[in-house]
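Each chain, letter by letter, is given below.
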Amino acid sequence: MKLLTCPMNGPRNIDEFQSFGPVRAKLDPNSTADAEWSRHLFRAENRKGIVVEWWRHVPSNYFFLAERDLVSNEIIRTFDASELRERA
Amino acid sequence: MPLRLLKYGLSRDYPVSGDIPATPELKPVYDVVIIGGGGHGLSCAHHLAKYHGISSVAVLEKGYLAGGNTARNTTTIRSNYITPEGIAFYKEGVELFERLSQELDFNVMFSQRGQLTLAHSEATMRSFHMRAEMGKHMGTRTEVVDQKGVEELCPLLNMDYGGPLEILGGLWHADGGTARHDAVAWGYAAQASRRGVEIHQRTEVQGFEVVGDRVQAVKTNRGRVACGQVLIATGGMNYDVALMAGVELPIRCYPLQAMVTQPLKPWLDTLVSSVSLHTYLVQSSRGEVVIGGGSDPYQLYSTRSTLDMKEHLAEGSVHLFPFLQGVRLLRQWAGITDMTPDYSPIMGASPLANLWLDCGWGTWGFKATPVAGKRMAQTIADGRVPDILKPFALERFETFRLLNEMGATAASH
Amino acid sequence: MNRLPAPFGNRIDRSRRIRFTFEGKPFEGYEGDSIASALAASGQWVLSRSFKYHRPRGILSMTGADANVLVQLPSEPNAGAERTPVSEGLRVSAQNVNGSLERDRDAIMDRFGRFLPVGFYYRTFMGPRRDSWLKFWEPIIRRKAGLGVVDTKAPHRHFDKTHLHCDVLVVGAGPAGLNAAIAAAEAGADVVLCDENPEIGGSLSYGRYDPAILSNLSSRLKALPNLRVLTGTVCNGWYEDNWLPLIQGNRLHRTRAREVILATGAIEQPAVFRNNDLPGIMLGVATQRLVRHYGVRPGRSAVVLAANEDGYRTALDLLDAGVAVVELVDPRSVGDAGPLEAELRGKGVAIRKGATIEAAAGTSGNRHLARVRVGGSWIACDLLAVSIGQAPAWQLPCQAGGKVGYDAAAEMMTITLPEGSVHLGGAVAGTDELPDAIGSGQRAAAAALSRLGHAMAVEPPITPKSVGPRYVQPILADPKGRDFVDFDEDLQVKDLQNATKDGYREIELVKRFTTVGMGPSQGRHSALATARVVAEATGRSVAEIGITTARPPVGPETLGVLAGHHEALERRTALHAKHVALNAAMKPIGAWWRPYYYGDASGAEEAVREETLAVREGVGLLDVSTLGKLEIRGPDAGEFLDRLYTMAHANQPIGRVRYCLMLNEMGSVVDDGVAYRMAQDQFYVTATTGAVARVYADMLFRNAEWRLKVDVLNLTGAFSGLNVTGPKARLVLEALESDIDFSRDAFPYLSGREGTVAGVPVRVMRIGFTGELSYELHCPSSQAPHLWDAVMAAGRPHGLRPYGLEASRILRLEKGHILIGQDTDAITTPDELGFGWAVSKKKPFFVGKRSIEMRARLGQTRRLVGLQFPAGARNIPGESCLVLRGGAPVGQITSVGYSPSLGRHIALAYVHVDDQAEGSRVTVKCRDGELVEVPVVAHAFFDPTNARQEI
C-alpha cells in the first residue's frame, strides 16, 4: 500500500484518503461562452507529469493538496489549501 | 479430429502461417496511418484493406503487437447497456463476434455462455429493469431474473447471506460471452498483413506535423511518415497521443487491475458479476478463473498492481463463492484505461480534418474491437461519420448530449 | 524403502508415523514429511500427469509450484506436494488424469502430439458450422482444461490478517539473509526475517556445508530480541512503499518495512534434452533436499549432470546417501579441476567433461527414468541430478523495480535495482560461493542501516566474486521433440521456434502464443531457456529478448488468505430493537436495516394499506434516522448554503425551514433535503440517506476551496429522527410534556423549533413528505428509544401506528414527491423535474447555475410527469418500463405503485417534453411488451392544493 503524507496527520496508508482530482482552473461563469464552459466542465487534467490535486483524509475529514507524478506515482509533496490561495 | 490437425500431423514440417510479418522499413508516405497496434487499430486496418480496398496502411505500435489493453482486458463481450445508442452499437459488436472466427479464419474462441450480473439492492434491481427494458426493445437478449432464476443460472452462488449483501436478483444477458483476446488481435493482424497492411512494432509516435487543420505527417522514433488520414487508437495513451496533435480529450487515465487463479476443471459456466461487490468472475477455456472489478481510485499512468485491490477482489469472490477460499491465485496485472465522463467512447471526427478518433474506451473497449474497427474504417474511407457512430462524437460534451453508461459499466466491463 | 537413517532427515520426526492415502492406496510418512517426500520414501515417484500430453511427472525441485507436483486434496485443488505437509488421514489424489494416475486414458495424447502443434487451437475447431465451436468443440476442450477440481462443498476456513511494522525486513533466511538480519539487528534496528521454509538456513540446511555454520548463526540470532523470525512464511509480493504480504499459513501479515533486504536466492534451472521430464530426473538441489531434509534416497543409481561446484557437491552427497554415482557429466571443457573433482575421482566416480546429456529414455509408459544418452551411448540409471546453473530469484526484485539483464560472458542473468530502500543480498545479487553470499548479506545490511541512520560496528569487506559461467548448457532441440522447456504447459523447443516462425518474435508474444511461463510455476524453470531459444531463433541476444514482466504474487496464494475474515458493513438505527419488538419486517436498504412494514409476511399487503391509511386519516410514526443530518455553523453559514444549494438561505429567517436542492457542476440534481436555520450562524440540514456521505465530503471540499468561515458536522449517526405525521399528529405532540408550542399559529408549516419533548432535547421541523401535518423530531440517538416510547404512548389514544418504508413510499408517491436517485438520474435538471420554483433566479452564483442556464438554452427533451392509470387497469407497467414516442424510447417510468387513497395505480415517468401537459396521453411498453396508453396528470395525485400539510 502506498503511503501518503497528510500535512495534518503525517504518513498514512493511502486507503485512508480519497482523491478529489486535480485542481481545476477557475473560470468566471458569467463571462465564459457556452462551448468554453462545457469544455471546462468535462476537461480533465491528465498530462503525463506532475499534477496538483485535492485529497481528503477521510477519518479526519481534512482536505489538502498533493503534487504527484501521474506516471511514477511519486508524491513530491503535500500541503495545506491555504498555500494554494496564497499562490493564486 | 478436425481435418486441419490431421494435415498438420502428417506434414513433415511445421506448417508456418506467418501470421505477423517482421516489421518492414517505414515508407515515406501511407494513405492511412493507424496509431496503435492493438485490437482496434488492427481491426480498422483489416476492414480498410478487405472492405474498402485501402491497403496503403501502416499500423504503428510503440511496443509489441496488441500488448496494451488488448492483452490485459478480461474479454467481456456484451451489449446490455442502458442507452439506445450504446446498445445499438454494442449489439452490432456482438454480432460481429459471432462470426469473427470465420471472418478471420482464426479461432477467436468466442464463447457465448451468457453474463449474469447480480443485484444486492433494490436500486440495482431498478437499474437492471431499465437495462432489460431497453435491451429487449433494441432486440438483445437481456432480462431480469429473480432469486430463483439466479440459482438456476448459477447454482453454486452463495444465496444465504441475508443482510445487505443478499442477492435479490440478476440481469441475465444470454448474448454475453468472452473471446480469446490475443487471438482477435492476431487474427486481424494476419488478415490485414495478407492484404498489404504494414505492421510496425517498436515504432513510437513522438509528434505530429500539423499544417492548418490537417495532419501532414506523423513523427516516430523510426522517422517521419506522411499520411493521408490518421487514426488514433492507442487505448490508455489516447489522451497523450491526441495532445501531441493539439487535441485535448476529456479523458482521465486510471489503472484497471485483474487477476487469475490456477487452472481448475470447469465449474463456472457464465460470467458472473456483482455490482455491490465490484467483482466479476469468468472461467477461461484454460480453466483459470479470471477475476476483475472496478478501476483504481485515483488517476495514474502505471500498470503496477496493488495488494489492496487484490484483497478486495478476493473478498468479493469468496463472498459470492465461499468454496473459493482454498483456490490459489496465480497472477495479477493492470492496464491503463482512458475514462470518459459518461463511460461511453469517443469515436469519429476530431478538430483536425484528417485526424480520426477511436478513443475513450476506458474499461469497455475489447468487446467493440470488431465493430469499432469496421465503423472507423468506413468513416475513414468515406470521409464522414456513419449514423451509428454520430452519438459518440467528441462534440457531445459541448452540447450535453451525454451517453451515460456509468450504471452499465461499474460492475463489469 | 528409500528412507535413510539419521542424521539424514532433519525435518522429520521418526517417532511420529502418519498415515495417508494417495490415489486410494495407503501410505505412511513421518511428521515433517511433505506429501512428495513421504511418497518418494515409499517409492512412489509419479505425482501427476502433464497438462497436454498426460506424461507421468514427479519431483523436480522440492521447492514448489511446478504443475509436476500439484495434487488434489479433498477441499483444495492444485496443492503443491513438495511443500504440503502430510497429515493423518489426508486423502491425496492425482490431478488431470482420465482414469487413474497409473492408467490415464489420456496418455494417448502423448502419441498424438504431432497433431497438436503449438497454437493449434487457433487454427481449427471452427467448423463446420458457425456455432460449431460453441456447441461442439468448446465443450470438449473445456472438459480437458484445468488441473485440479474445486470442492464446491468445501467447509469454511478461518483466515485472518495482522499488521507488521519494522525497520528492516529480510526476505530469505539463507546464509546471506541470516547474516544481513543479524548485522542489522546487532546495530539496533528492528528486524523481521522471514523464510518460506519451516527452518532457517536455506542452503545451509540441506547443502554440503559444515553444520557449525548454521548453529553458530542460529545462536547469534536467538540472542537478539529485536529480531523476529517468521519461518513457514512466504513474502509473496512487493508493493509500493515497501508494503509486503507475508503469508504464514492462514494468516496474512500486511507488512510495512522502512528498508527491505531481498535475499531470495537463486532458482536452479533444468536442462533441455529429449525426455527431460521423466520422473527420476530432478534438480541437484532436489536430491539434496530429499536427502538432508527428509532422509529420502532419491535413487539407487545416479548420473549427475554438473556444470558448477554445487553439482559436484551433489554427487558427493549422493554417495554419502548410498546412491551409486555411475558418472558425472560436465558440459564444461577440460581443465579447472578443483578439490571437489579430486575428491569425487578419489571415490571412484567417473567424470566426463565436455559432454552433456543428449537424451533420456524411460521405463514402460515413461513412468521412470531408465537410462540417459551421453556421447551417443546409453547409461542405465534411475536418477539424473541436474546442476547446470541458476537464475536469480527475480520475482520480488523485479516487482520492486529491478531490471533483468544478461551477462553474456558469464552466461548469467543479472538484476539491477535502482538506488533506494530495497537491497539485494546473496545469490539473487549474483554471488556464488558461501563467503561471498555472507559478505553480500552484510553489505546489504550496511546499506539499509546507513539509510536508517544507524551504522554498523564493522564495515563488511568486499569479497571477490567467482566468475565461472552460471548457466552452461547447450539447448538440445531433439528432432523427435519431447525436449521440454516448460513442464507446466508441455512446451518443447520446437514449439517456441515455430511460434517465432509465425511472427510471434517478441518474448511477450511468444508467451501469449505458446503459453510458455503462464503455468503454475510462472516461468521459474522456463524463462531463461525460453529467452535463449527465442534469441537463437530470431538472431538476437538474450539481453534483447529478456524475460516477461514479473507480476505478483511470487507464488500461488489462496483467495482465502487474501480475503481474510470479512463482514459486510451494516448499520442499524437507534430504534432497531423497537422495530423488531413490534414485529417489523426488517430489510436492508444500502447499509441500513429499515422496517418495511409491521406484521407478518402473510399480511404484508394489508399492513401496508393500513399503515398508509393511518397516516392519511389518523397519525403514523416513521423512523427517519437514516436521513443524512449535517450541521453548518459559523458566520458564513448562510453564504455557504447559498453557494451549495439552489434556493436562497442567507436571507432565510431564523426558525424557518427551507427545501434545499443540490446540483453538481453539470447542473444535474444530486441531492435534496431541508435546511432549518436554528440561529444566524447555525443551520441543521438534512440529506438523503444514500447521498449524505458524498454530500458531507463535497461540503468539506468546497469549504477547503472557498475558505469561508464555516464548520460542517456530520450528525447522521449521532442524531435520530422520528416523523409524527397525519391529521392527528398535533394531538399526539400536545399530549407530550414539552416546552414547545405545537399550535398552528405558534409553529407554522416550514418552520423549526428547539426544545424538549418528554424530557428529550429535540429539534422539530414541520415538513411534509407525506403531504399530511407532520412534525419531524430529531434528537440525540442515545435518547431516541425513550422518545419513541413516549410518542407511542401519547399516540395510543389517537390510534397512532408506526409505519414502514413501503407505506412511506406510497404516501410520497401520492404527493408526487421525488426520490433522488430513483426519479432522477445522472443528467436530470431541475427543469426536467418542473422544479423551477426551487431555483433562485436572484443569486449570482450557486454550484450548477451556469450549467443549467446553458442546458436550458440547448433545449429540454424530457419532463418528469405523473401518470394515472384507470381504476382496474389490467396491465400496469413496472418501474423502468419505457415511454415510447413514435416507437422510439423517450423516457421511462421511475416510480409506480397502487394508491389506496385514490384506488388506482399512479406513476412518475419521464415523457417527451411536448407531452408534459396534463391530459396528454403517452404510450408505455409493459414488461410483457404490451403497449398501454396512459394520461398525464399533475404531480400531486392526492390533495393537489397541498392544504393538508399546512393545517
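Reading guide: rules and limits
- Within each chain, residues carry numbers counting from 1 in the order of the written sequence.
- Written order determines the labels here, with chains lettered from A and ligands numbered from 1.
- Whole-chain, interface and lining totals are the exception, using all residues; otherwise, since this is a predicted model, local features are given only for residues with pLDDT of at least 70 and side-chain atom pairs are given and counted only at 80 or more.
- Strands here are runs of E lasting at least two residues and helices are runs of H or I lasting at least four, both read from the DSSP assignment and numbered beginning at the N terminus.
- C-alpha atoms define the radius of gyration in this analysis, and the globule rule sets the expected value at 2.2 Å times the number of residues to the power 0.38.
- The exposure label follows from counting other C-beta atoms within 10 Å of a residue's C-beta, where the C-beta atoms are placed from the backbone and the thresholds are 20 or more for buried and 12 or fewer for exposed, leaving partly exposed in between.
- Two residues qualify as a contact pair if the distance between their C-beta atoms, derived from the backbone, is within 7 Å.
- If DSSP finds at least two bridges between two strands, the strands pair.
- For helices, the axis comes from a line fit to the C-alpha atoms of the stretch in contact; other axes are also lines fit to C-alpha atoms, and the angle between any two N-to-C directions lies between 0 and 180 degrees.
- Expected span of a helix: the number of residues minus one, times 1.5 Å.
- UniProt positions are given in the numbering used here, feature names are shortened, and annotations may be inferred rather than shown by experiment.
- Amino acids outside the nonpolar list (Ala, Val, Leu, Ile, Met, Phe, Trp, Tyr, Cys, Pro) and the charged list (Asp, Glu, Lys, Arg) are all regarded as polar, and Gly is one of them.
- Working definition: roughly parallel below 35 degrees, roughly antiparallel above 145 degrees, roughly perpendicular at 65 to 115 degrees, and oblique for all remaining angles.
- Each crossing is labelled by how the near helix is turned from the far one, with a counterclockwise turn of less than a right angle marking it left-handed and a clockwise turn marking it right-handed.
- Defined on buried residues, the nonpolar core groups Ala, Val, Leu, Ile, Met, Phe, Trp, Tyr and Cys residues joined through C-beta atoms within 7 Å.

## A look at the overall build of chain B
Consideration 1: Of the regular secondary structure elements, chain B holds 12 helices and 18 strands.
Consideration 2: Computed over C-alpha atoms, the radius of gyration of chain B comes to 21 Å, within 12% of the 22 Å expected from 2.2 N^0.38 for 413 residues, which places it in the range of a compact globule.
Consideration 3: Considering only C-alpha atoms, chain B reaches an extent of 65 × 65 × 40 Å along its principal axes.
Consideration 4: Scored against the burial criterion, the 413 residues of chain B give a buried share of 66%.
Consideration 5: A separation of at least 24 residues holds for 76% of the contacts in chain B among residues at least 6 apart in sequence.

## Focus: the overall build of chain C
Consideration 1: A count of helical and extended segments in chain C gives 24 helices and 48 strands.
Consideration 2: For a compact globule of 951 residues, the expected C-alpha radius of gyration is about 30 Å, and chain C comes in at 38 Å, more than 25% above that figure.
Consideration 3: Dimensions of chain C, computed from the C-alpha atoms along their principal axes, are close to 115 × 75 × 55 Å.
Consideration 4: Residues classed as buried in chain C amount to 56% of the 951 residues present.
Consideration 5: Taking as baseline every contact in chain C between residues at least 6 positions apart, the subset at least 24 positions apart corresponds to 66%.

## What about the sheet that holds strand β6 (residues 75-80) of chain A?
Consideration 1: Across the sheet, 4 strands lie side by side as β3-β4-β5-β6 (chain A); this open sheet has antiparallel pairing. Each edge of the open sheet carries a strand with a single partner, namely β3 (17-22) and β6 of chain A. Here the average twist between neighbouring strands, direction ignored, is 30 degrees.
Consideration 2: Helix α19 (residues 692-706) of chain C contacts β3, β4 (50-57) and β5 (62-69) of chain A of the sheet and is inclined by roughly 125 degrees relative to β4(A).

## A few points about unusual backbone geometry
Glycine aside, residues mostly have negative phi angles, and peptide bonds mostly take the trans form.
All names here are of chain C.
Consideration 1: Put simply, Ala-6 and Pro-7 share a cis peptide bond, and its omega is 10 degrees.
Consideration 2: The step from Pro-552 to Pro-553 runs through a cis peptide bond, and the omega angle for that step is -5 degrees.
Consideration 3: Position of Pro-553 relative to the elements: it lies in the loop between α14 (542-545) and β29 (557-558).
Consideration 4: For Asn-366, which is not glycine, the phi dihedral falls at a positive 55 degrees.

## So, helix α7 (residues 309-320) of chain C
Residues and elements named next belong to chain C.
Consideration 1: For α7, which comprises 12 residues, the first-to-last C-alpha distance of 17 Å matches the rise-based estimate of 16 Å (1.5 Å per residue) to within 8%.
Consideration 2: Those residues of α7 not exposed but buried are Asp-310, Gly-311, Tyr-312, Arg-313, Thr-314, Ala-315, Asp-317 and Leu-318.
Consideration 3: Along its buried surface, α7 packs onto α6 (284-294), β16 (301-306), β17 (324-330), α8 (339-346) and β22 (383-387).
Consideration 4: Immediately beyond the C-terminal end of α7, within one or two residues, lies Gly-322, with a positive phi of roughly 85 degrees.

## Brief notes about the UniProt feature "domain: GCVT N-terminal" (unreviewed entry) in chain C
Consideration 1: The UniProt record marks residues 575-843 of chain C with the feature "domain: GCVT N-terminal" (unreviewed entry), using the residue numbering of this structure.
Consideration 2: A distance of 41 Å separates the end C-alpha atoms of residues 575-843 of chain C, which is 28% helix and 29% strand.

## Section: helix α17 (residues 604-617) of chain C
Consideration 1: Taking 1.5 Å per residue as the helical rise, α17(C) with its 14 residues ought to reach 20 Å, and the 20 Å between its terminal C-alpha atoms agrees with that figure.
Consideration 2: For α17(C), the set of buried residues is Ala607(C), Val608(C), Glu611(C), Thr612(C), Ala614(C), Val615(C) and Arg616(C).

## A closer look at the interface of chain B and chain A
The parts lose accessible area when they come together, and the size of an interface is often stated as this lost area.
Consideration 1: In this assembly, 20 residues from chain B lie in contact with 15 residues from chain A.
Consideration 2: Elements supplying a minimum of two residues to the side of chain B that touches chain A: α9 (238-244), β12 (252-261), α10 (307-320) and α12 (396-399) of chain B.
Consideration 3: Considering each element in turn, the side of chain B that touches chain A owes the most residues, 3 residues, to α9(B).
Consideration 4: The residue inventory of the side of chain B that touches chain A, partitioned by class, reads 13 nonpolar, 2 polar and 5 charged.

## Here we look at the pairing of strand β34 (residues 657-663) of chain C
Residues and elements named next belong to chain C.
Consideration 1: In terms of residue burial, β34 counts as a mostly covered element, since 6 of its 7 residues are buried.
Consideration 2: The pairing of β34 with strand β35 (residues 669-679) spans 7 bridges and is antiparallel. Along β35, the bridge assignment pairs Leu-663 with Val-669.
Consideration 3: Between β34 and β35, which pair antiparallel in sequence order, lie 5 residues; one of them, Gly-667, sits at a positive phi of approximately 85 degrees.

## Let's talk about the UniProt feature "domain: SoxA A3" (unreviewed entry) in chain C
Consideration 1: Sites flagged by UniProt as "domain: SoxA A3" (unreviewed entry) map to residues 480-564 of chain C.
Consideration 2: Secondary structure content for residues 480-564 of chain C is 45% helix and 8% strand, and the end C-alpha separation is 49 Å.

## A short note on the environment of Asn236(C)
Residue and element names in this part refer to chain C.
Consideration 1: Among the structural elements, Asn-236 can be located in the loop between β11 (233-235) and β12 (243-248).
Consideration 2: Residue Asn-236 is classed as buried on the basis of its C-beta count, with 24 C-beta atoms lying within 10 Å.
Consideration 3: Each C-alpha atom, one on Asn-236 and one on Ala-614, is 62 Å from the other, the two residues being 378 residues apart in sequence.
Consideration 4: Apart from residues lying up to four places away in sequence, Asn-236 is in contact with Pro-245, Ile-247, Pro-552, Pro-553, Val-554, Gly-555 and Glu-557.

## Remarks on the packing of α7(C) against α8(C)
Residue and element names in this part refer to chain C.
Consideration 1: Closest axis-to-axis distance for the α7/α8 pair is 9 Å, and the angle between their directions is 25 degrees. One finds that α7 runs roughly parallel with respect to α8. Relative to α8, the crossing made by α7 is left-handed. Across the interface between the two elements, Glu-309, Tyr-312, Arg-313, Ala-315 and Leu-316 of α7 pack against Leu-340, Glu-341, Glu-343 and Leu-344 of α8.
Consideration 2: Taken together, the residues of the contact of α7 with α8 sort by class into 5 nonpolar, no polar and 4 charged.

## Regarding the UniProt feature "domain: FAD dependent oxidoreductase" (unreviewed entry) in chain B
Consideration 1: According to UniProt, the feature "domain: FAD dependent oxidoreductase" (unreviewed entry) maps to residues 31-378 of chain B in the numbering used here.
Consideration 2: Secondary structure within residues 31-378 of chain B divides into 30% helix and 29% strand; the distance between the first and last C-alpha atoms comes to 14 Å.

## Considering the interface of chain C and chain B
Consideration 1: Of the residues lining the interface, 81 residues belong to chain C; the matching set on chain B comes to 81 residues.
Consideration 2: Per-element tally for the side of chain C that touches chain B: the top contributor is helix α3 (residues 132-144) of chain C, with 5 residues.
Consideration 3: Here strand β16 (residues 328-339) of chain B pairs with β29(C) via 2 bridges, running antiparallel. Of the residues in β29(C), the one forming a bridge with Arg328(B) is Thr558(C).

## A short note on the nonpolar core
Consideration 1: Among the nonpolar cores identified, the biggest contains 422 residues, and Ala184(C) and Leu384(C) are the most heavily contacted of them.
Consideration 2: Not counting residues within four places of it along the chain, the set of residues in contact with Ala184(C) comprises Val168(C), Ala189(C), Val191(C), Ala445(C), Ala448(C) and Leu449(C).

## Things to note about the sheet that holds strand β19 (residues 357-362) of chain C
All names here are of chain C.
Consideration 1: The sheet built from 3 strands is open, its strands ordered β19-β20-β21 with antiparallel pairing. Edge positions in the sheet fall to β19 and β21 (377-380), since each of these pairs with one other strand and no more. With strand direction ignored, the average angle separating the axes of adjacent strands in the sheet is 30 degrees.
Consideration 2: With 4 bridges connecting them, strand β20 (residues 369-374) and β21 associate as antiparallel partners.

## A closer look at the environment of Lys52(C)
Residues and elements named next belong to chain C.
Consideration 1: Relative to the helices and strands, Lys-52 is located in the loop between β3 (48-49) and β4 (56-57).
Consideration 2: Under the C-beta neighbour-count criterion, Lys-52 is labelled partly exposed, with 18 such atoms within 10 Å.
Consideration 3: Residues Lys-52 and Asn-96, 44 residues apart in the sequence, show an inter-C-alpha distance of 9.4 Å.
Consideration 4: When neighbours within four sequence positions are excluded, Lys-52 is seen to be in contact with Met-109 and Asp-490.

## Quick look at the packing of helix α2 (residues 39-51) of chain B against helix α8 (residues 181-194) of chain B
Residue and element names in this part refer to chain B.
Consideration 1: At their nearest, the axes of α2 and α8 sit 8 Å apart, and the two run at 30 degrees to each other. For α2 against α8, the interelement crossing comes out left-handed. On α8, the residues touching Gly-39, Leu-42, Ser-43, Ala-45, His-46, Ala-49 and Lys-50 of α2 are Val-184, Ala-185, Tyr-188, Ala-189, Gln-191 and Ala-192.
Consideration 2: Split by residue class, the contact of α2 with α8 holds 8 nonpolar, 4 polar and 1 charged.

## Side note on the pairing of strand β17 (residues 346-349) of chain B
Residue and element names in this part refer to chain B.
Consideration 1: The pairing of β17 with strand β18 (residues 355-359) spans 4 bridges and is antiparallel. Counterpart to Met-347 in the pairing with β18 is Asp-358.
Consideration 2: Remark: 5 residues form the turn of the hairpin made by β17 and β18, two consecutive strands paired antiparallel.

## A look at the environment of Leu908(C)
All names here are of chain C.
Consideration 1: Secondary-structure assignment places Leu-908 in strand β46 (residues 904-912).
Consideration 2: Given 24 C-beta atoms within a 10 Å radius, Leu-908 is considered buried.
Consideration 3: Between the C-alpha atoms of Leu-908 and Val-936, which are 28 residues apart in sequence, the distance is 9.4 Å.
Consideration 4: The residues contacting Leu-908, other than those within four sequence positions of it, are Gly-816, Ile-818, Asp-823, Leu-864, Gly-866, Thr-894 and Ser-895.

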